[in-house]
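Listed below, chain by chain, are the residues.
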Amino acid sequence: MLKRLEADEQPGLQPVGVTIRRYEEEDERALFEVNEASFADHWGFRPTPFESFNEELHGEDRDPTLVFIAAVDGAPVGLVVPFPFETSGYVAMLGVLKEWRGLGIATALLRRSFFELVGRGMGEVRLHVDSQNAHGAVALYERMGMSVSNRYDTFDLRTPEAAEPTSARPSTT
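Note on numbering: residues in each chain are counted from 1, in written sequence order. Two thresholds apply to this predicted model, a pLDDT of at least 70 for residue-level local features and 80 or more for giving and counting side-chain atom pairs, whereas whole-chain, interface and lining totals are computed over all residues. Calculated side-chain values reflect all of the structure's heavy atoms, with hydrogen atoms and water omitted.

*Asks:* Now, about the nonpolar core: what can you tell me, with residues and values included?
*Replies:* Membership of the largest hydrophobic core comes to 42 residues, with the highest contact counts inside it found for Leu31, Leu94, Leu109, Leu110 and Tyr141. The numbering of helices and of strands both runs from the N terminus, where a helix is a DSSP run of H or I of at least 4 residues and a strand a run of E of at least 2. Those elements giving two or more residues to this core turn out to be α1 (28-39), α2 (50-57), β3 (68-72), β4 (75-85), β5 (88-96), α3 (105-119), β6 (124-127) and α4 (137-143). Among the elements that make up this core, the one with the highest residue count is α3 (eight residues). If sequence neighbours within four positions are ignored, Tyr141 has contacts with Met1, Leu94, Leu110, Leu127, Val129 and Met146. In this text, buried Ala, Val, Leu, Ile, Met, Phe, Trp, Tyr and Cys residues form a nonpolar core when linked through side-chain atoms within 4.5 Å. The buried label goes to any residue with under 20% of its type's maximum accessible area, the exposed label to any with over 50%, and the partly exposed label to all in between, with areas taken from a 1.4 Å probe on protein chains only. For this analysis, residues touch if any pair of their heavy atoms sits within 4.5 Å.

Spelled out as structure tokens, the structure:
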């Protein structure tokens, strides 16, 4: 999905009781745990080793000062990991723990990342999303002004998920 960023993007408000703060190096493990837990109920989820996650977080083109954590009473409940790439920003990770969804945390994290990306000269932001996401991700991104820019169809052949009866898989409508 894609959104053209405006020069006057605002960081938005934090939901009541939630603090949006910049990532710090000592947050590595907490960030990993929130990311893993946020996607654990997504079909096809496979746990990622901490070392692989951390490598990606600190990989080429990554800027840890763009990473934000949503916390309640000091405990992380959400994260956003955007990074700049030429004239575009890319949201590589956005996740909110299941029990904290629906409170505007993902919206606040996205607004903050859009604001930060504009401040670094980015004219647009992109991300990839599973169009069958059962947690309203596509609708969230559309509310944030994003629209489909490319579509990729993925076919799952000869995997355990493909062998499941259709009724056991998420709806494709």
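*Asks:* Explain unusual backbone geometry to me, using residue names and the numbers behind them.
*Replies:* Non-glycine residue Asp73 carries a positive phi angle of around 50 degrees. Tracing the chain through its elements places Asp73 in the loop between β3 and β4. Within the chain, Glu86 stands out as a residue other than glycine whose phi angle is a positive 55 degrees. Secondary-structure assignment places Glu86 in the loop between β4 and β5.

*Asks:* Explain the packing of aromatic side chains to me, using residue names and the numbers behind them.
*Replies:* Aromatic contacts are taken between Phe, Tyr and Trp rings whose centres are within 6.5 Å, Trp giving its six-membered ring; a plane angle under 30 degrees counts as stacked, one over 60 as edge-to-face, and the others as tilted. Evaluated as defined, the whole model comprises three aromatic pairs. Here the aromatic cluster, defined as three or more aromatic residues joined through ring pairs, consists of Phe32, Phe50 and Phe53. Lying over the aromatic face of Phe50, Arg29 brings its terminal NZ or CZ to 3.9 Å of the ring centre. In this analysis the charged atom, NZ for Lys or CZ for Arg, is taken to sit over a ring once it is within 6 Å of the ring centre and within 35 degrees of the ring normal. Positioned above the aromatic ring of Phe83, the side-chain terminus of Arg62 is 4.1 Å from the ring centre.

*Asks:* Quick one: what's the story with the confidence of the model for the chain, residue by residue and with numbers?
*Replies:* Each residue gets a pLDDT score, which is the predictor's confidence in that residue and runs from 0 to 100. Confidence along the chain averages 86 in pLDDT terms, with 84% of residues attaining 70 or more. When mean pLDDT is compared element by element in the chain, β3 scores highest at 97, while helix α5 (residues 160-163) scores lowest at 66.

*Asks:* Before we move on, can you summarise the sheet that holds β6 with the specific residues and values?
*Replies:* The six strands are arranged β1-β6-β5-β4-β3-β2 in an open sheet whose pairing can be described as mixed. The open sheet has two free edges, formed respectively by β1 (2-4) and β2 (19-22), since each of these has just one partner strand. Sheet twist, expressed as the average angle between the axes of neighbouring strands with direction ignored, equals 25 degrees. Summarising the sheet, β1 and β6 pair through three bridges and their orientation is antiparallel. Counted as the bridge partner of Lys3 is Val125 from β6. In the packing of α1 onto the sheet, contacts are made with β3, β4 and β5, and the angle to β4 comes to roughly 95 degrees. Paired strands, as defined in this entry, are two strands with at least two bridges between them according to DSSP. Between N-to-C directions, angles cover 0 to 180 degrees, with each direction set by a line fitted to C-alpha atoms, over the stretch in contact for helices.

*Asks:* An account of the packing of α1 against α2 is needed here, citing residue identities and associated values.
*Replies:* Two measures define how a pair of helices packs: the angle their axes make with one another and the distance between the axes. Put simply, α1 and α2 touch, their axes get as near as 10 Å, and they point 105 degrees apart. The orientation of α1 with respect to α2, classified from their angle, is roughly perpendicular. Note on element contacts: α2 touches α1 through Phe50, Phe53, Asn54 and Leu57, opposite Glu28, Arg29, Leu31, Phe32 and Asn35. For the contact of α1 with α2, the class distribution of residues is five nonpolar, two polar and two charged. Any angle that falls under 35 degrees is termed roughly parallel, while one over 145 is termed roughly antiparallel, one within 65 to 115 roughly perpendicular, and all others oblique. When residues are sorted by character, Ala, Val, Leu, Ile, Met, Phe, Trp, Tyr, Cys and Pro go into the nonpolar class, Asp, Glu, Lys and Arg into the charged class, and all the rest, Gly among them, into the polar class.

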